[in-house]
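# Survey of secondary and tertiary structure
What follows is each chain in one-letter form.
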Amino acid sequence: QKEVEQNSGPLSVPEGAIASLNCTYSDRGSQSFFWYRQYSGKSPELIMSIYSNGDKEDGRFTAQLNKASQYVSLLIRDSQPSDSATYLCAAFDSWGKLQFGAGTQVVVTP
Amino acid sequence: DTAVSQTPKYLVTQMGNDKSIKCEQNLGHDTMYWYKQDSKKFLKIMFSYNNKELIINETVPNRFSPKSPDKAHLNLHINSLELGDSAVYFCASTVGLAGVVNEQFFGPGTRLTVL
(Lines give C-alpha, C1' and ligand atoms only; values in the text may rest on other atoms or scores of the structure.)
Protein backbone atom coordinates (compact mmCIF):
# COMPACT_ATOMS: atom_id res chain seq x y z
CA GLN A 1 0.00 0.00 0.00
CA LYS A 2 1.37 3.38 -1.00
CA GLU A 3 1.57 6.02 1.70
CA VAL A 4 -0.38 8.56 -0.34
CA GLU A 5 -3.15 7.50 -2.69
CA GLN A 6 -4.84 9.50 -5.44
CA ASN A 7 -7.13 8.66 -8.32
CA SER A 8 -5.01 8.81 -11.44
CA GLY A 9 -7.76 10.25 -13.63
CA PRO A 10 -7.95 11.76 -16.10
CA LEU A 11 -10.50 14.06 -14.51
CA SER A 12 -12.32 15.88 -17.28
CA VAL A 13 -13.76 19.23 -16.22
CA PRO A 14 -15.66 21.74 -18.35
CA GLU A 15 -14.19 25.22 -18.41
CA GLY A 16 -15.65 27.31 -15.61
CA ALA A 17 -16.66 24.30 -13.51
CA ILE A 18 -15.19 23.08 -10.21
CA ALA A 19 -12.53 20.39 -10.24
CA SER A 20 -12.47 18.21 -7.13
CA LEU A 21 -9.36 16.17 -6.35
CA ASN A 22 -9.04 13.71 -3.49
CA CYS A 23 -6.13 12.17 -1.63
CA THR A 24 -5.78 9.79 1.31
CA TYR A 25 -2.69 9.05 3.37
CA SER A 26 -1.73 6.15 5.60
CA ASP A 27 0.70 7.67 8.14
CA ARG A 28 -1.33 9.07 11.05
CA GLY A 29 1.79 10.95 12.14
CA SER A 30 1.71 13.15 9.04
CA GLN A 31 0.97 16.72 9.98
CA SER A 32 1.69 18.72 6.84
CA PHE A 33 0.21 18.36 3.41
CA PHE A 34 0.89 19.90 0.04
CA TRP A 35 -0.61 20.09 -3.42
CA TYR A 36 1.81 20.44 -6.31
CA ARG A 37 0.91 21.07 -9.93
CA GLN A 38 3.03 19.51 -12.65
CA TYR A 39 2.68 20.37 -16.31
CA SER A 40 3.83 17.75 -18.79
CA GLY A 41 7.62 17.75 -19.06
CA LYS A 42 8.01 20.29 -16.26
CA SER A 43 8.88 20.18 -12.58
CA PRO A 44 6.35 20.19 -9.73
CA GLU A 45 5.36 23.59 -8.36
CA LEU A 46 3.64 24.17 -5.04
CA ILE A 47 0.13 25.57 -5.21
CA MET A 48 -1.21 24.91 -1.71
CA SER A 49 -0.06 23.80 1.71
CA ILE A 50 -2.32 22.88 4.63
CA TYR A 51 -1.51 21.91 8.19
CA SER A 52 -4.75 22.22 10.21
CA ASN A 53 -8.10 20.53 9.88
CA GLY A 54 -10.58 22.51 7.83
CA ASP A 55 -10.40 24.58 4.71
CA LYS A 56 -7.72 26.87 3.35
CA GLU A 57 -8.46 29.13 0.41
CA ASP A 58 -6.03 30.81 -1.96
CA GLY A 59 -7.55 32.44 -5.00
CA ARG A 60 -9.41 29.83 -7.02
CA PHE A 61 -7.90 26.99 -4.96
CA THR A 62 -9.28 25.54 -1.73
CA ALA A 63 -7.53 22.77 0.18
CA GLN A 64 -9.42 20.72 2.75
CA LEU A 65 -7.88 18.54 5.44
CA ASN A 66 -9.53 15.96 7.69
CA LYS A 67 -6.89 14.27 9.84
CA ALA A 68 -9.38 11.93 11.51
CA SER A 69 -10.30 10.50 8.11
CA GLN A 70 -6.72 10.92 6.78
CA TYR A 71 -8.11 12.75 3.81
CA VAL A 72 -6.95 15.79 1.86
CA SER A 73 -8.73 17.40 -1.05
CA LEU A 74 -8.23 20.23 -3.50
CA LEU A 75 -10.96 22.21 -5.19
CA ILE A 76 -10.25 24.32 -8.25
CA ARG A 77 -13.02 26.81 -8.91
CA ASP A 78 -13.73 28.40 -12.30
CA SER A 79 -11.42 25.90 -13.98
CA GLN A 80 -9.38 27.26 -16.89
CA PRO A 81 -7.62 25.41 -19.71
CA SER A 82 -4.35 26.50 -18.08
CA ASP A 83 -5.30 24.34 -15.07
CA SER A 84 -4.86 21.23 -17.21
CA ALA A 85 -1.98 19.43 -15.52
CA THR A 86 -1.21 16.61 -13.11
CA TYR A 87 -1.86 17.46 -9.47
CA LEU A 88 0.35 15.74 -6.91
CA CYS A 89 -0.74 15.33 -3.31
CA ALA A 90 2.11 15.09 -0.81
CA ALA A 91 2.30 14.37 2.91
CA PHE A 92 5.23 14.98 5.24
CA ASP A 93 5.52 11.68 7.05
CA SER A 94 6.70 10.82 10.57
CA TRP A 95 10.25 10.31 9.33
CA GLY A 96 10.55 13.76 7.78
CA LYS A 97 10.08 12.64 4.21
CA LEU A 98 7.73 14.13 1.67
CA GLN A 99 5.66 11.26 0.29
CA PHE A 100 3.90 11.90 -3.00
CA GLY A 101 0.84 10.32 -4.52
CA ALA A 102 0.94 9.20 -8.13
CA GLY A 103 -0.96 12.30 -9.22
CA THR A 104 -4.35 13.08 -10.72
CA GLN A 105 -4.42 14.29 -14.31
CA VAL A 106 -6.90 17.12 -14.82
CA VAL A 107 -8.12 18.04 -18.29
CA VAL A 108 -10.15 21.24 -18.61
CA THR A 109 -12.22 21.23 -21.77
CA PRO A 110 -13.29 24.51 -23.42
CA ASP B 1 17.92 33.72 -12.33
CA THR B 2 17.22 30.02 -11.95
CA ALA B 3 16.62 29.05 -8.33
CA VAL B 4 17.38 25.33 -8.64
CA SER B 5 19.30 24.24 -11.71
CA GLN B 6 20.29 20.82 -12.96
CA THR B 7 22.66 19.63 -15.65
CA PRO B 8 22.29 17.97 -18.00
CA LYS B 9 18.61 18.31 -18.91
CA TYR B 10 18.72 15.15 -21.02
CA LEU B 11 21.06 12.19 -20.69
CA VAL B 12 21.04 9.23 -23.06
CA THR B 13 23.52 6.47 -22.37
CA GLN B 14 24.20 2.77 -22.72
CA MET B 15 23.67 0.12 -20.07
CA GLY B 16 26.72 -0.36 -17.89
CA ASN B 17 27.98 3.20 -18.21
CA ASP B 18 28.62 5.56 -15.30
CA LYS B 19 27.06 9.03 -15.34
CA SER B 20 26.63 12.05 -13.09
CA ILE B 21 23.90 14.66 -12.67
CA LYS B 22 24.65 18.00 -11.06
CA CYS B 23 22.37 20.27 -9.07
CA GLU B 24 22.88 23.79 -7.79
CA GLN B 25 20.59 26.09 -5.84
CA ASN B 26 21.07 29.81 -5.31
CA LEU B 27 18.31 30.19 -2.72
CA GLY B 28 20.55 29.89 0.31
CA HIS B 29 18.70 26.75 1.39
CA ASP B 30 20.17 24.25 3.84
CA THR B 31 18.55 21.06 2.65
CA MET B 32 18.67 19.44 -0.76
CA TYR B 33 17.04 16.32 -2.17
CA TRP B 34 17.13 13.90 -5.04
CA TYR B 35 13.83 12.48 -6.28
CA LYS B 36 13.15 9.92 -8.99
CA GLN B 37 10.00 10.14 -11.11
CA ASP B 38 9.27 6.98 -13.05
CA SER B 39 7.24 6.51 -16.21
CA LYS B 40 4.03 6.35 -14.16
CA LYS B 41 4.80 9.83 -12.80
CA PHE B 42 5.35 8.50 -9.28
CA LEU B 43 7.78 10.85 -7.51
CA LYS B 44 9.87 9.17 -4.84
CA ILE B 45 12.57 10.55 -2.57
CA MET B 46 16.04 9.03 -2.87
CA PHE B 47 18.37 11.13 -0.75
CA SER B 48 18.45 14.26 1.35
CA TYR B 49 21.38 16.37 2.53
CA ASN B 50 21.43 19.09 5.13
CA ASN B 51 24.50 21.32 5.16
CA LYS B 52 26.51 18.68 3.27
CA GLU B 53 25.44 15.89 5.64
CA LEU B 54 23.41 12.92 4.43
CA ILE B 55 20.20 12.73 6.47
CA ILE B 56 17.85 10.63 4.35
CA ASN B 57 18.99 7.59 2.41
CA GLU B 58 16.08 5.61 1.02
CA THR B 59 16.32 2.04 -0.17
CA VAL B 60 18.32 2.86 -3.25
CA PRO B 61 20.88 0.56 -4.94
CA ASN B 62 24.49 1.19 -3.96
CA ARG B 63 25.14 2.13 -7.57
CA PHE B 64 23.65 5.52 -6.71
CA SER B 65 25.99 7.77 -4.75
CA PRO B 66 25.13 11.34 -3.86
CA LYS B 67 27.75 13.93 -3.02
CA SER B 68 27.38 17.40 -1.60
CA PRO B 69 30.57 19.47 -1.88
CA ASP B 70 28.83 22.43 -0.23
CA LYS B 71 25.29 23.28 0.81
CA ALA B 72 24.49 24.85 -2.57
CA HIS B 73 25.42 21.78 -4.59
CA LEU B 74 24.21 18.21 -4.65
CA ASN B 75 25.40 15.77 -7.28
CA LEU B 76 24.25 12.26 -8.10
CA HIS B 77 26.61 9.67 -9.54
CA ILE B 78 25.21 6.45 -10.95
CA ASN B 79 27.44 3.46 -11.67
CA SER B 80 26.70 0.56 -13.99
CA LEU B 81 23.50 2.03 -15.35
CA GLU B 82 20.56 -0.34 -15.88
CA LEU B 83 17.45 -0.07 -18.04
CA GLY B 84 15.33 0.42 -14.93
CA ASP B 85 17.25 3.58 -14.06
CA SER B 86 15.52 5.37 -16.93
CA ALA B 87 13.43 8.10 -15.31
CA VAL B 88 13.36 11.81 -14.62
CA TYR B 89 15.54 12.80 -11.70
CA PHE B 90 14.58 15.96 -9.83
CA CYS B 91 16.70 17.92 -7.44
CA ALA B 92 14.88 19.99 -4.82
CA SER B 93 15.82 22.29 -1.98
CA THR B 94 14.23 23.78 1.09
CA VAL B 95 15.22 26.00 3.95
CA GLY B 96 15.80 24.32 7.29
CA LEU B 97 16.12 20.73 8.36
CA ALA B 98 14.29 17.86 6.78
CA GLY B 99 11.22 17.24 8.88
CA VAL B 100 10.64 20.96 9.34
CA VAL B 101 7.80 21.85 7.11
CA ASN B 102 8.83 24.20 4.36
CA GLU B 103 8.11 24.37 0.67
CA GLN B 104 10.43 22.35 -1.49
CA PHE B 105 11.56 24.02 -4.71
CA PHE B 106 12.23 21.67 -7.59
CA GLY B 107 14.79 21.89 -10.34
CA PRO B 108 13.78 21.37 -14.00
CA GLY B 109 14.66 17.68 -13.94
CA THR B 110 17.12 15.46 -15.80
CA ARG B 111 15.57 12.92 -18.14
CA LEU B 112 17.81 9.86 -18.10
CA THR B 113 17.36 7.25 -20.80
CA VAL B 114 19.34 4.04 -20.58
CA LEU B 115 19.52 2.03 -23.81
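Before any of the text, the structure's been laid out above.
Right, let's walk through the structure included here. (Residues numbered from 1 in each chain as written. Chains lettered and ligands numbered in written order. Predicted model: local features only at pLDDT ≥ 70, side-chain atom pairs only at ≥ 80, totals over all residues. Heavy atoms only, no water.)

### Considerations on the interface of chain A and chain B
Between chain A and chain B, the residue contacts involve 19 residues of the former and 21 residues of the latter. Interface of chain A and chain B: buried area, both sides summed, is about 1,600 Å²; carbon and sulfur atoms make up 61% of it. Three residues stand out in chain A for area buried against chain B, namely A:F92, A:K97 and A:F100, and they jointly supply 29% of the buried area on that side. Taken together, the connections running from chain A to chain B amount to one salt bridge. In this structure, B:E58 engages A:K97 in a salt bridge whose closest nitrogen and oxygen atoms are separated by 2.7 Å. At the level of elements, β4 (32-38), β9 (85-92) and β10 (98-100) of chain A are the ones that each hand at least two residues to the side of chain A that touches chain B. (Contact = heavy atoms within 4.5 Å. Buried area = accessible area lost by both parts, 1.4 Å probe. Salt bridge = Lys/Arg side-chain N within 4 Å of Asp/Glu carboxyl O. Helix = DSSP H or I, 4+ residues; strand = E, 2+ residues; numbered from the N terminus.)

### Some words on the side chain of A:Q70
Residues and elements named next belong to chain A. Secondary-structure assignment places Q70 in the loop between β7 (61-66) and β8 (71-76). Polar side-chain contacts of Q70 include one of 2.8 Å to the backbone oxygen of Y25. For Q70, the contacting residues outside a window of four places in its chain are C23, T24, Y25, S26, D27 and R28. (Polar contact = N/O pair within 3.5 Å; in protein donor to acceptor, adjacent residues only side chain to side chain.)

### A few points about the packing of aromatic side chains
Under the definition given, this model contains 11 aromatic pairs over all chains. Seen from their ring centres, A:F34 and A:Y51 are 6.2 Å apart, and the 80° between their planes marks the pair as edge-to-face. Residue A:F34 is located in strand β4, and its partner A:Y51 is located in the loop between β5 (45-50) and β6 (54-58); the two are separated by 17 residues in the primary sequence. On the basis of relative accessibility, which here comes to 2%, the residue A:F34 falls in the buried class. A relative accessible area of 36% means that A:Y51 is categorised as partly exposed. When the ring of A:F100 is compared with that of B:Y35, the centres are 5.7 Å apart and the planes differ by 90°; the resulting orientation is edge-to-face. With A:F100 in strand β10 and B:Y35 in strand β4 (residues 31-37), the pair connects residues from two separate chains. B:Y35 matches A:F100 in its accessibility class, with the two residues each being buried. What links up through ring pairs into an aromatic cluster is the set A:Y36, A:F100, B:Y33, B:Y35, B:F90 and B:F106. One Lys or Arg, A:R60, reaches over the ring of A:F61 and ends 5.6 Å from the middle of that ring. (Phe/Tyr/Trp six-rings, centres within 6.5 Å; stacked < 30°, edge-to-face > 60°. Buried < 20%, exposed > 50% of the residue type's maximum accessible area, 1.4 Å probe, protein only. Lys NZ or Arg CZ within 6 Å of the ring centre and 35° of its normal.)

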